[in-house]
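# Architecture at a glance
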Amino acid sequence: MNIATATATEMQNNFGRYLNLVMSGQEVIVTKNGKEVGRFIPKDAAVSYLTDSLTGILHRDLDLEAARDEGLRKKYANPD
């Protein structure tokens, strides 16, 4: 998955451009004052993200917090 970065101002001023990126399967990281504040992701990725989060909650035989964080970090980490 390709990832683009946009400031909050860029996102606001060029929403259509970023919407098209997401519709084509890309992810957009939104920053404010140099810090990541959110991600604009395709619907399929959002469903997968929620499913992965819930999987950690349903398995009670492990450290849920650590397992969830590790799984999400691997799958959705910024590739910098």
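Just so it is clear, the model here is predicted, and its values are computed rather than measured.

## Considering the sheet that holds strand β3 (residues 35-40)
Judged by pairing direction, the sheet is mixed, and its three strands sit side by side in the order β1-β2-β3 without closing on themselves. Each edge of the open sheet is held by one strand with a lone partner, namely β1 (3-7) and β3. Within the sheet, the average angular offset between the axes of one strand and its neighbour, ignoring direction, is 30°. Here β1 pairs with strand β2 (residues 27-32) via five bridges, running parallel. By the bridge assignment for β2, Thr7 is matched with Thr31. With respect to the sheet, helix α2 (residues 15-23) is in contact with β1, β2 and β3, its orientation differing from that of β3 by roughly 60°.

## Here's the deal with the packing of aromatic side chains
Scanning the model with the defined rule gives one aromatic pair in all. Where Phe15 meets Phe40, the ring centres are 5.7 Å apart and the plane angle is 40°; that geometry is what we call tilted. Of the two residues, Phe15 sits in helix α2 while Phe40 sits in strand β3, which places them 25 residues apart along the sequence. Taking relative accessible area as the criterion, Phe15 reaches 42% and is therefore assigned partly exposed.

## Structural notes on α2
If you check which residues of α2 are buried, you get Tyr18, Leu21 and Val22. The arc that holds every buried residue of α2, seen down its axis, measures 95°, which confines them to one face. Those residues of α2 that are buried lie in contact with β1, α1 (8-13), β2 and β3. Following α2 by one or two positions, Gly25 adopts a phi angle in the positive range, close to 105°.

Criteria and cut-off values
- Residues numbered from 1 in each chain as written.
- Predicted model: local features only at pLDDT ≥ 70, side-chain atom pairs only at ≥ 80, totals over all residues.
- Heavy atoms only, no water.
- Pairing = 2+ DSSP bridges.
- Helix = DSSP H or I, 4+ residues; strand = E, 2+ residues; numbered from the N terminus.
- Axes fitted to C-alpha atoms, helices over the stretch in contact; angles between N-to-C directions.
- Contact = heavy atoms within 4.5 Å.
- Phe/Tyr/Trp six-rings, centres within 6.5 Å; stacked < 30°, edge-to-face > 60°.
- Buried < 20%, exposed > 50% of the residue type's maximum accessible area, 1.4 Å probe, protein only.
- Arc of directions from axis to C-beta.

Shape descriptors only; they carry no functional weight alone.
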